[in-house]
Amino acid sequence: MDALPEFEVVRPTTVEDVVAARAAHPGSRLVGGGTDLVVNIRRGIEAPPALIDMTGVDELKTIDADADAITVGASVTLAELAEHPDVRAHYPAIAAAAGEIAGPTHRVMGTVGGNICLDTRCIFYNQSDWWRGSNNHCLKTTGEMCHVAPKSKGVCFATFSGDLAPAFLLFDGEVELAGPSGRRSLPLTELYIGYSRQDGSTGDGKTYMSLEPDEFVLRVRARNAPGLVSGYDKMRIRRSIEYPVAGAGVALRRDGDTLADLRVAITGTNPRPVRLDGTEALCGGPLDDRVTDGLDELVRDQIMAMKTTFTPGHYRRRVAGVLARRLMQRLWDEAATS
Ligand SMILES: Cc1cc2nc3c(=O)[nH]c(=O)nc-3n(C[C@H](O)[C@H](O)[C@H](O)COP(=O)(O)OP(=O)(O)OC[C@H]3O[C@@H](n4cnc5c(N)ncnc54)[C@H](O)[C@@H]3O)c2cc1C
Ligand code: SF4
């Protein structure tokens, strides 16, 4: 096991103090529970001189959820989110996603802000320094090539594996941000800019979020829609404690025998969480083969899993499709009886 390097820990108690601490400590990193960042520091992936601890900022520890909308502070823990009665009642996909992240002890420490801003992952990156050094590193750190796609021309395909982002994407989630220039809101779809074959234009993979320098997440918000039912499911190698092989969130509205709304979001496959485009075209009739075949096609077109984990990319894409299809069917059946 590698020893942790020296770093200072700064403990602000207000949002303004966080902004000031970032300015006073160049090269610092924010830390929530540290369940991902500290692992990366131990592996020598990064060595910030100071960590700014977000967990003492009381105004970021609240959850407001009712049938219309949900707002969750960045310092809320995953366990608190998973167990909140109003979140479970009105946003089951969000509660389920939070309740299936890592293991129980991680969920007590891990925060919503840390999960939303989770670093992307790859078998050539989440390794010790000597392991990465023996491979001459790679594009995501100090190397010159991508070992997953050597012809990638500067693009890193490391996978986004956070479970909360797809769950919030089902409800048109957005983040409230703060930084040196003040506060602003941003749709989650614009926060994540990891490489996408669809738009191909934005992130190079090393930069997977559109945060400005020293900007950070205050809260995540989302809106409900009348009659929407939702769920989240994932597959992992060790069911009790593991990143997703793939994770899928589904929300739908059933009007009698008509699928009136369908939303599907996936994680663990692409360099960003993906809310599938084109699901509206599958609505308007019963949930039949047209819908399931159509969903399979959307997954085939938009889910791009590369060999960034020990599980092959084509398998992770299959898993994502199967999870989404099963969940859609389950929610459809449950909606008939509710
Ligand atoms: C064995 C194991 C299994 C895991 N399984 C899963 C899993 O199944 N699903 C999953 O999603 N994750 C998993 N994780 C990763 C991690 O535990 C969770 O994602 C957790 O939610 C991270 O939250 P944290 O507060 O601990 O983040 P930290 O480690 O504190 O921070 C993570 C990143 O977010 C940044 N950050 C923190 N707060 C903010 C903020 N407010 N604004 C901007 N940036 C911020 C940090 O600088 C850092 O880059 C696993 C980790 C381990 C060790
Ligand atoms: S996808 Fe390529 S550049 Fe990115 S972490 Fe993996 S090996 Fe490195």
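Quick look at the sheet that holds strand β3 (residues 50-53)
The strand order across the open sheet built from 3 strands is β1-β3-β2, with neighbouring strands paired in parallel fashion. At either end of the open sheet lies a strand with only one pairing partner, and these are β1 (8-10) and β2 (29-31). Across the sheet, the axes of successive neighbouring strands diverge by a mean angle of 30°, strand direction being ignored. Of the pairings in the sheet, the one linking β1 to β3 comprises 3 bridges and is parallel in character. When the bridges of β3 are listed, Glu-8 appears paired with Ala-50.

What to know about the site of ligand 2
Neighbouring ligand 2 are Cys-122, Phe-124, Tyr-125, Cys-138, Leu-139, Lys-140, Cys-146, His-147, Val-148, Cys-156, Phe-157 and Ala-158. For the shell around ligand 2, a count of residues per class yields 10 nonpolar, 1 polar and 1 charged.

Quick look at a negative patch on the surface
There is a patch of like negative charges on the surface, built from Asp-288, Asp-289, Asp-293, Glu-297 and Asp-301. Relative to the assigned elements, Glu-297 resides in helix α11 (residues 289-302).

Some points on the side chain of Ser-28
Relative to the elements of secondary structure, Ser-28 occurs in the loop between α1 (15-24) and β2. Residue classification places Ser-28 among the buried residues on the basis of a relative accessible area of 6%. Sequence-distant contacts of Ser-28, defined by excluding residues within four places in its chain, comprise Arg-22, Pro-48, Pro-49, Ala-50 and Ile-52.

Brief notes about the nonpolar core
The nonpolar side chains of a soluble globular protein tend to be buried, and buried together. Counting 44 residues, the largest nonpolar core has Leu-81 and Leu-164 as its most contacted members. Excluding residues that lie within four positions of it along the chain, Leu-81 makes contacts with Ile-63, Val-72, Val-76, Val-87, Ile-94, Ala-95, Ala-98, Val-112 and Leu-164. The next biggest cluster of nonpolar side chains, apart from the first, holds 27 residues, and it includes Leu-252, Leu-276, Leu-295 and Ala-324.

Brief notes about the packing of α11 against helix α12 (residues 313-337)
Look at α11 against α12: their axes get within 10 Å of each other, and the N-to-C directions meet at 150°. Considering the angle they form, α11 stands roughly antiparallel to α12. The hand of the α11/α12 crossing is right-handed. Across from Val-291, Thr-292, Leu-295, Asp-296, Val-299 and Arg-300 in α11, the residues of α12 making contact are Arg-317, Gly-321, Ala-324, Arg-325 and Met-328. In terms of residue class, the contact of α11 with α12 is made up of 5 nonpolar, 2 polar and 4 charged.

Criteria and cut-off values
- Residues numbered from 1 in each chain as written.
- Chains lettered and ligands numbered in written order.
- Predicted model: local features only at pLDDT ≥ 70, side-chain atom pairs only at ≥ 80, totals over all residues.
- Heavy atoms only, no water.
- Pairing = 2+ DSSP bridges.
- Helix = DSSP H or I, 4+ residues; strand = E, 2+ residues; numbered from the N terminus.
- Axes fitted to C-alpha atoms, helices over the stretch in contact; angles between N-to-C directions.
- Near = heavy atom within 4 Å.
- Nonpolar A, V, L, I, M, F, W, Y, C, P; charged D, E, K, R; others polar.
- Patch = residues over 30% accessible without salt bridge, like charges linked within 9 Å, V, L, I, M, F, W, Y side chains within 5 Å.
- Areas by Shrake-Rupley, 256 points an atom, 1.4 Å probe, with all protein chains shown as cover.
- Salt bridge = Lys/Arg side-chain N within 4 Å of Asp/Glu carboxyl O.
- Lys, Arg positive; Asp, Glu negative; His and termini not counted.
- Charge placed at Lys NZ, Arg CZ, Asp CG, Glu CD.
- Buried < 20%, exposed > 50% of the residue type's maximum accessible area, 1.4 Å probe, protein only.
- Contact = heavy atoms within 4.5 Å.
- Core = buried A, V, L, I, M, F, W, Y, C linked by side-chain atoms within 4.5 Å.
- Parallel < 35°, antiparallel > 145°, perpendicular 65-115°, else oblique.
- Left-handed = near helix turned anticlockwise from the far one by under 90°.

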